[in-house]
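Examination of the molecular architecture
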Amino acid sequence: MGHASSKRGSVGGDAPAPAPPPSRFTRFKRRLRHPIHGSGSGSGSGPGSEFGNIKNLSEQEFTGIARVEIIGAEMKFKDRWFACLSLGERTYRTETSDHTEKPVWKSEKKVVLEANGPTVARISVFETNKFSKSNLVGYCELNLTEILSQESEDNVDEFQLFDPCSSTTTVGTISIRCFIEDPVEIQRSFARRVLSVVDKNGDGQLSLSEFSELMNAFCSQLNKEKIEELFKRADKNGDDIVDMDELAVLLAQQQQEETLINNCPVCGEDLGKFDNMNDIIHMTLCFDEGTGNQIMTGGFLTEKQASYGWMFKLSEWAHYSSYDVGLHSGSSASHIVVCDRKTKRLVEETIDGKIILSMRAIYQSKVGLALIDAGVKGLLQNLSEKQGKQMNSPESAKDIPKFLEFFKDQINMDEVKYPIEHFKTFNDFFVRELKSGARPICYPDRDEVAVCAADSRLMAFDSASDSTRLWIKGRKFSIEGLLGPETCTDSLRNGTLVIFRLAPQDYHRFHVPVSGTIENFVEIPGYLYTVNPIAVNSKYCNVFTENKRVVSIISTQEFGKVAFVAIGATMVGSITFLKEKGEYVNKGDEFGYFAFGGSTVICVFEKDAIQIDDDLLANSNRSLETLVTVGSKLGVSKKVSDRERAELDFDKFSLTE
């Protein structure tokens, strides 16, 4: 994945001499060709901790350290601008520019690349709002492995910035420089900077006493004899004065053989806990400050968090809201962060702040529970019916542009089958169809591969007990309560649970996840609670077992019986199926759609029938939803051998079209 660029830097060089040692570019490419399967991304980093979540990497997992510099941009109007760099679970931002249409930042950041970790970086440009959330104007996506594989010492590229609503509309350009950090030069540079601390007269030379002072401060495990030995190895002419560059080379070589420095001079972190390579990674990332370069600010999970103004920061300081990954309840349930499966990047779900406040009041408190029991259930039903009628009126069509503006970075109109003018009501737009090919089906001829049923935020659990431990906090949730006695069997009761949560901005047509015959449809009446995680994570209500829903059973050859449950929600009173009982369906076929609002599909597989993809289970075990699209791979039948299942690995099927 990535957007086209026009090269500014030159690429080339003379033919190499016979049998030279491999360059760092060659080593980098070799690591890309031979990734180690099964390793986690290890790329998480929470606010305030740049390195705490970076795991101990093996040499096979470590691809390299990339330095990314955002130089400047050319926009179509004047404003005060800043840019964000997002890779995996880390986001960084530049300082804010002057009021101009050609902002210049020259701001850089070093990032670790792993064999199976995120490689697609997103660069986003915002116009500034000091008080609340700044406005996203344009973005581009860069595949760092592709850029850094080019044989160039100085990769300077100019990328097009795309409108968040359309990947074919440009709003400006941005200049970015990317290159690989040379590990040998990193160590030498680090040593030179440490040595410069005691170079009092700045002449680039050190005496034995100056060197000893430094070593005693940073290398407490070295005795006097060892320090003198190191100095004499660099003091070739025996005059007790050593050139600092020569001493830096010696220290870098010695650091590769044994750990000389006990603690990171910047953050005080203990070194030597893992191995030399991980120490160098740590110091390379940590020792940016003091270089004279403009360093991007870190500690953000998403670009939206980085774009918030002082009002959000004040609310965090006052503990009014929190910003983190995982299960939230009560006052902390203020932001919903999910993982984009394609890019392995964290994104914040767009939701109106007033709606969050009302949901917290209703679903995350005993007072709210009392209101629900006292009649809010009926109120939600009446509200949904009234809103449904309004969204079917011709007057509702005027709300479509406002809806698109609110969700402008989460709805791609280039994928929609018809232009906006085609839709006569808001609900016509809400149940919009997509263009042919917009959602490719993973392994369409392999029925042993199940696919995702909806554009949604997914949670997957091997059992109902896992789901209640990690996600569903309703007091009475069970698979039997979800499916009802008419359709629940023993094998389903103890089966695998997959939750597809659709948000209002999503494509609201759901598709068949497996190939088979539809045995029946069972309608279960109920209420219309929201399916937002604020309610699902609440111990005060039972969203999935009390909401209105339709249960269908699909009989398959590869997975046995699969229960497909379409659940209504607040503002969603209408669930429409496009298939009939007794009909044979192929995975990926359109199955039905929801009218206006958020909604959910839950699939229940029989016990030991499916092996859910590892990345989906890993995120779910962190109580982190995964953003998926219709037709992407969900899992493989356990009837398939381990060898065949490995060949059907998620990473081997392109999700980037």
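Residues numbered from 1 in each chain as written. Predicted model: local features only at pLDDT ≥ 70, side-chain atom pairs only at ≥ 80, totals over all residues. Heavy atoms only, no water.

A few points about the pattern of salt bridges
Rules: When a carboxyl oxygen of Asp or Glu is within 4 Å of a side-chain nitrogen of Lys or Arg, the pair counts as a salt bridge. Helix and strand assignments follow DSSP, with helices taken as H or I runs no shorter than four residues and strands as E runs no shorter than two, numbered in order from the N terminus. The cut-offs for exposure are 20% and 50% of the maximum accessible area for each residue type, with area from a 1.4 Å probe on protein chains only; residues under the lower value are buried, those over the upper are exposed, and the others partly exposed.
Tallied over the full model, the rule gives 25 salt bridges. Arg177 is the salt-bridge partner of Glu69, the closest N and O atoms lying 2.5 Å from each other. Of the two residues, Glu69 sits in strand β2 (residues 62-75) while Arg177 sits in strand β10 (residues 166-180), which places them 108 residues apart along the sequence. Across the pair Asp399 and Lys402 runs a salt bridge, and its minimum N-O distance is 3.2 Å. Residue Asp399 and its partner Lys402 are both found in helix α12 (residues 399-406); the two are separated by 3 residues, about one turn of the helix. Residue classification places Lys402 among the exposed residues on the basis of a relative accessible area of 55%. Among the charged side chains, a network of salt bridges with common partners joins Glu349, Arg457, Arg501, Asp506 and Glu625.

A closer look at the sheet that holds strand β20 (residues 509-511)
So the rule is basically this: Two strands are said to pair when DSSP picks up at least two bridges between them. Axes here refer to lines fitted to C-alpha atoms; in helices the fit is confined to the stretch in contact. Angles between the N-to-C directions go from 0 to 180 degrees.
Read from one edge of the open sheet, 3 strands run β20-β26-β24, paired in antiparallel fashion. Across the chains shown, the open sheet's two edge strands, defined by having one partner strand only, are β20 and β24 (575-577). This sheet shows a mean twist of 25 degrees between the axes of neighbouring strands, independent of strand direction. In this structure, β20 lies alongside strand β26 (residues 590-594), joined through 3 bridges in antiparallel fashion. Note on β26: the bridge partner recorded for His511 is Glu590.

Side note on helix α19 (residues 614-621)
To be explicit about the condition: Within this analysis, the arc is defined by the directions that extend from the helix axis to the C-beta atoms. Contacts are assigned to residue pairs with any non-hydrogen atoms lying within 4.5 Å of each other.
Among all positions in α19, only Leu616, Leu617, Asn619 and Ser620 are buried. Burial along α19 is one-sided: seen end-on, the buried residues are contained in an arc of 165 degrees. The inward-facing, buried residues of α19 abut β15 (337-340), β18 (456-461), α14 (464-470), β28 (610-612), β29 (626-628) and β30 (633-637). Downstream of α19 by a residue or two, Ser623 has a phi angle that is positive, lying close to 55 degrees.

Let's talk about unusual backbone geometry
Look at Lys106: it is not a glycine, yet its phi comes out positive at around 45 degrees. Structurally, Lys106 is set in strand β6 (residues 104-114). On the basis of relative accessible area, Lys106 is assigned to the exposed category, the value being 51%. The backbone phi angle of Ser623 is positive, close to 55 degrees, even though this residue is not glycine. You can see Ser623 is positioned in the loop between α19 and β29. Classification of Ser623 as buried rests on a relative accessible area of 9%.

Brief notes about the confidence of the model for the protein chain
Inclusion rule: The predictor's confidence in any single residue is recorded as pLDDT, a number from 0 to 100.
Scored by pLDDT, the protein chain comes out at a mean of 80, with 74% of its residues at no less than 70. Low confidence marks residues 6-19, where pLDDT is under 50. Its contacts with residues over four positions away, or in another chain, come to 15 contacts.

A few points about the packing of aromatic side chains
By convention here, two paired aromatic rings are described through the distance between centres and the angle between planes. Definition in use: Side-chain rings of Phe, Tyr and Trp, where Trp is taken by its six-membered ring, are said to pair if the distance between their centres is within 6.5 Å; with planes under 30 degrees apart they count as stacked, over 60 as edge-to-face, and otherwise as tilted. Placement of a positive charge over a ring is assigned whenever Lys NZ or Arg CZ falls within 6 Å of the ring centre and within 35 degrees of the normal to the ring plane.
Under the defined criterion, the tally for this structure stands at 20 aromatic pairs. On the numbers, 5.0 Å between centres and 50 degrees between planes, the contact of Phe77 with Trp81 is tilted. By relative accessible area, which is 0% here, Trp81 ends up buried. Measuring from ring centre to ring centre gives 5.6 Å for Phe559 and Phe605, while their planes differ by 65 degrees; the resulting arrangement is edge-to-face. Of the two residues, Phe559 is situated in the loop between β22 (549-556) and β23 (560-567) and Phe605 in strand β27 (residues 599-605); the sequence distance between them amounts to 46 residues. Phe605 matches Phe559 in its accessibility class, with the two residues each being buried. The ring centre of Phe82 lies 3.7 Å from the NZ or CZ of Arg93, which sits over that ring. We note Arg122 situated over the ring of Tyr139; from NZ or CZ to the ring centre the distance is 4.4 Å.

Focus: the pairing of strand β4 (residues 90-93)
The side chains of a regular strand alternate, first on one face of the sheet and then on the other. Covered by surrounding structure in β4 are Arg90 and Tyr92 together with Thr91 and Arg93, the residues of both alternating faces. Two strands pair when backbone bridges link them, and strand β3 (residues 79-87) and β4 are joined in this way by 4 bridges, in the antiparallel orientation. Of the residues in β4, the one forming a bridge with Ser86 is Thr91. With antiparallel pairing between neighbouring strands as the criterion, β3 and β4 make up a hairpin whose turn holds 2 residues, including Gly88 at a positive phi of roughly 60 degrees. In this sheet, strand β14 (residues 297-300) lies alongside β4 in antiparallel orientation, the contact comprising 2 bridges. Counterpart to Arg93 in the pairing with β14 is Thr297.

Overview of the pairing of β3
Most of β3 sits out of view: 8 of its 9 residues are buried. Bridge analysis of β3 against strand β5 (residues 99-100) gives 2 bridges, and the strand direction is antiparallel. Note that in β5 the partner of Asp79 across the bridge is Thr100. In this structure, β3 lies alongside strand β7 (residues 120-127), joined through 6 bridges in antiparallel fashion. Counted as the bridge partner of Cys84 is Ser124 from β7.

Considerations on the UniProt feature "active site" (unreviewed entry) in the protein chain
For clarity, the cut-off: UniProt positions are given in the numbering used here, feature names are shortened, and annotations may be inferred rather than shown by experiment. Polar contact is defined as a pair of N or O atoms within 3.5 Å, subject to the rule that within protein one atom must be able to donate a hydrogen and the other to accept it, and that residues adjacent in sequence are counted only when both atoms are side-chain atoms.
Residues annotated by UniProt as "active site" (unreviewed entry) correspond here to Asp455, His511 and Ser599. Spatially, the listed residues are clustered: although they cover 145 residues, their C-alpha atoms lie within 14.0 Å of one another. Of note, Asp455 is situated in the loop between β17 (449-451) and β18. The contacts of Asp455, once residues within four sequence positions are left out, are Arg439, Leu502, Asp506, Tyr507, Val628, Thr629 and Val630. Among the polar contacts listed, one links the side chain of Asp455 to the side chain of Arg439, at a separation of 2.7 Å. Inspection of the secondary structure assignment puts His511 in strand β20.

Details of the sheet that holds β17
The strand order β17-β30-β28 describes an open sheet built from 3 strands, whose pairing is antiparallel. Edge strands, defined here as strands with exactly one partner in the open sheet, are β17 and β28. Taking the axes of each pair of neighbouring strands and ignoring which way they run, one obtains an average angle of 30 degrees across the sheet. As defined by bridge partners, β28 adjoins β30 across 3 bridges and the pair is classed as antiparallel. Note that in β30 the partner of Gln611 across the bridge is Val636. Running over the sheet, α19 touches β28 and β30 and is turned about 65 degrees from β28.

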